[in-house]
Amino acid sequence: MSISSSAALDAGRGPAEHDVRTQIIEAATAHFSHYGYDKTTVSDLAKAIGFSKAYIYKFFASKQAIGEVICTNCLAQIEGEVHAALEGVQAAPDRLRVLFTVIVEASLRLFLQDRRLYEIAVAAATDQWPSTQAYKGRIRQLVEEILKEGRASGVFERATPLEATSHAVYQVLVPYLHPVTLPHLSALHAEAPTALQDLVLRSLAPQRK
């Protein structure tokens, strides 16, 4: 088979397979929301959609693989809110405040609104699913980019190695990124993020001689 004919075959097959994957994800999201991630099996999803379990395994290797997609979609929603809020914000200290504020508010809203889907977030964080590891890496990278911007403009100190500073600032955010610790912080979210922002920004300010 030529490359062009193979590509045409894939193109013809792609949309249908995409629709099936979407159907499986939608059914899984509904089941996880109603029954919980732990109590839902691939057999349950197969019955709900009207597929055989073997057919679902053609698209997803395991229940976790389905959960990965749902988890990725949820985390992408948080990131989307963060990047939308950062648009047009120029000063590095302001960008850091926006990052802290939006990521805390979005995480609390998304992870704690739906207690059943929250189980997926806990499983993903506890078992260190690739989706959560990649998410944390991107947030860490965003923190470092903002620190670089602040150092370049002179509003953040440059004596401490960037790697050490970005690691420390990221660690302040970690409890708000982890769904296991997040519920314990929800009662404090009205004032705690602002206090943390102030503390972090004071530590980042250049030392006066």
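Structure first, text after, so check above.
No experiment lies behind these values; they were computed from the predicted model shown.

What to know about the pattern of salt bridges
Taken as a whole and assessed by the stated rule, the structure comprises seven salt bridges. Note that Glu81 and Arg109 form a salt bridge whose closest N and O atoms lie 2.4 Å from each other. Of this pair, Glu81 sits in helix 4 (residues 63-86) while Arg109 sits in helix 5 (residues 92-113), and the two are 28 residues apart along the sequence. In this structure Glu81 comes out as partly exposed when scored by relative accessible area, which is 26%. Under the relative-accessibility criterion, Arg109 is labelled partly exposed at 35%.

Re the packing of aromatic side chains
Tallying each qualifying case throughout the model produces four aromatic pairs. Aromatic side chains Phe32 and Tyr37 sit 5.1 Å apart centroid to centroid with 70° between the ring planes, which places their arrangement in the edge-to-face category. Relative accessible area serves as the criterion here: at 0%, Phe32 is assigned to the buried category. A residue is classified by how much of its surface remains accessible, and Tyr37, at 6% relative accessible area, is buried. Ring centres 5.0 Å apart and planes at 75° place the aromatic pair Phe51 and Tyr55 in the edge-to-face group. Residue Tyr55 is classed as partly exposed on the basis of its relative accessible area, which comes to 28%. Lying over the aromatic face of Tyr37, Lys63 brings its terminal NZ or CZ to 4.3 Å of the ring centre.

A look at the packing of helix 4 against helix 5
At a minimum axis separation of 9 Å, helix 4 and helix 5 run at an interaxial angle of 150°. For the element pair helix 4 / helix 5, the angle class is roughly antiparallel. Note on packing geometry: the crossing formed by helix 4 with helix 5 is right-handed. Contact residues: helix 4 offers Cys74, Leu75, Gln77, Ile78, Glu81, Val82, Ala85 and Leu86, while helix 5 offers Arg95, Val98, Leu99, Val102, Ile103, Ala106, Ser107, Arg109, Leu110 and Phe111. Tallied by class, residues from the contact of helix 4 with helix 5 come to 13 nonpolar, two polar and three charged.

Calculation rules
The residue numbers shown here count from 1 along each chain, following its written sequence. Note on the predicted model: pLDDT of at least 70 is required for a residue's local features to be given, and 80 or more for side-chain atom pairs to be given and counted; whole-chain, interface and lining totals, by contrast, use all residues. As a rule here, side-chain values cover all heavy atoms of the structure and leave hydrogens and water aside. The salt bridge criterion pairs a side-chain nitrogen of Lys or Arg with a carboxyl oxygen of Asp or Glu, the two atoms within 4 Å. Under the DSSP-based scheme used, a helix requires at least four consecutive residues in state H or I and a strand at least two consecutive residues in state E, with every element numbered from the N terminus. Categorising residues by exposure relies on relative accessible area from a 1.4 Å probe, with only protein chains included: less than 20% of the type maximum marks a residue as buried, more than 50% marks it as exposed, and the intermediate range marks it as partly exposed. Only centres within 6.5 Å qualify two rings of Phe, Tyr or Trp (six-membered ring in Trp) as a pair; their planes then separate them into stacked at under 30 degrees, edge-to-face at over 60, and tilted for everything else. A positively charged side chain is recorded as over a ring if its NZ (Lys) or CZ (Arg) lies within 6 Å of the ring centre. The angle to the ring normal must also be within 35 degrees. Fitted lines through C-alpha atoms serve as axes, helices being fitted only where they are in contact, and the angles separating the N-to-C directions of these axes extend from 0 to 180 degrees. What sets the label is the angle itself: under 35 degrees gives roughly parallel, over 145 gives roughly antiparallel, 65 to 115 gives roughly perpendicular, and the rest give oblique. With the far helix as reference, a near helix turned anticlockwise by less than a right angle produces a left-handed crossing, and one turned clockwise produces a right-handed crossing. Residue contacts are counted whenever heavy atoms from the two residues lie within 4.5 Å of one another. Under the grouping applied here, Gly and all other residues not named as nonpolar or charged are polar, the nonpolar ones being Ala, Val, Leu, Ile, Met, Phe, Trp, Tyr, Cys and Pro and the charged ones Asp, Glu, Lys and Arg.

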